[in-house]
Amino acid sequence: MSSVHLFHQLFSRRSVRQGRARQADAVADQAAQALSLAQRYQETGDAAALASFEQLLDLMAVTIAGRVALDPAEMQRAWSEADLEHQTALAAALSQLGVAYRRNTSKPGVGFDCSGLTSYAWAQAGFDLARQSTAQIRAAAPRDLETAMAGDLVQYPGHVMMYLGVDRAVVHAVMPGRPVEVDVVKARRNLKFGGPTG
């Protein structure tokens, strides 16, 4: 066994033991910073924190739009039109990009299943969601593709996601072997949209 291979094996084991089950992702780092700024604004009313939060959202929207091949200006508009609760939940979900899928788990930086990610994200915005995808969408105010805003829930049977505000783009914890990611849901899926804030 080469020393490089041995190093990677040891490093991987240590990372998992220390709870670092996240692949590196620059947007996740920006989103974690944005989430911290949103929380500071909510706690203190610091206008500079809010302005920095909004700037980071704009930067992230451009990068995320590129990843899913959508118009960056549309993504920026959709995120800026969402209220602060939706923006905060969205930043929280994006802060977990690269985190491993783990069934029945909702642990930041360690692992999520689909409803674990959405319940974690919305908890950061001050809303408690059930830990089951169908229960989450049933409790949410009904929306459709035209009325949903960035951060709203999107669901098809057995899976819940967060809407990115444009087309059918979402952030989600989809399945074992794939980390939290952004994607565009295929048109053949029949989607339900819901607003956790009512």
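Procedures and definitions
- Residues numbered from 1 in each chain as written.
- Predicted model: local features only at pLDDT ≥ 70, side-chain atom pairs only at ≥ 80, totals over all residues.
- Heavy atoms only, no water.
- Buried < 20%, exposed > 50% of the residue type's maximum accessible area, 1.4 Å probe, protein only.
- Helix = DSSP H or I, 4+ residues; strand = E, 2+ residues; numbered from the N terminus.
- Pairing = 2+ DSSP bridges.
- Axes fitted to C-alpha atoms, helices over the stretch in contact; angles between N-to-C directions.
- Contact = heavy atoms within 4.5 Å.

J.: Just to check I follow, could you spell out the pairing of strand S6 (residues 169-172) for this structure?
T.: Looking down a regular strand, the side chains alternate between one sheet face and the other. Here S6 shows no split at all, with Ala169 and Val171 on one side and Val170 and His172 on the other all buried. By the bridge criterion, 2 bridges tie strand S5 (residues 159-163) to S6 in an arrangement that is antiparallel. Note that in S6 the partner of Tyr163 across the bridge is Val170. Connecting the antiparallel pair S5 and S6 is a turn made up of 5 residues, with Gly165 showing a positive phi of about 95 degrees. One ladder, built from 4 bridges, connects S6 with strand S7 (residues 181-184); its direction is antiparallel. Counted as the bridge partner of Ala169 is Val184 from S7.

J.: Explain the sheet that holds strand S3 (residues 141-143) to me, please; I cannot follow it from the model alone.
T.: Picture the strands of a sheet paired through backbone hydrogen bonds; they go either parallel or antiparallel. Spatially, S3-S8-S4-S5-S6-S7 is the arrangement adopted by the 6 strands of the open sheet, whose pairing is antiparallel. Each edge of the sheet is formed by a strand with only one pairing partner; in this case those strands are S3 and S7. Adjacent strand axes in the sheet meet at a mean angle of 40 degrees when their direction is disregarded. The strands touched by helix H5 (residues 84-94) are S5, S6 and S7; relative to S5, the strand with the most contacts, the crossing angle is about 115 degrees.

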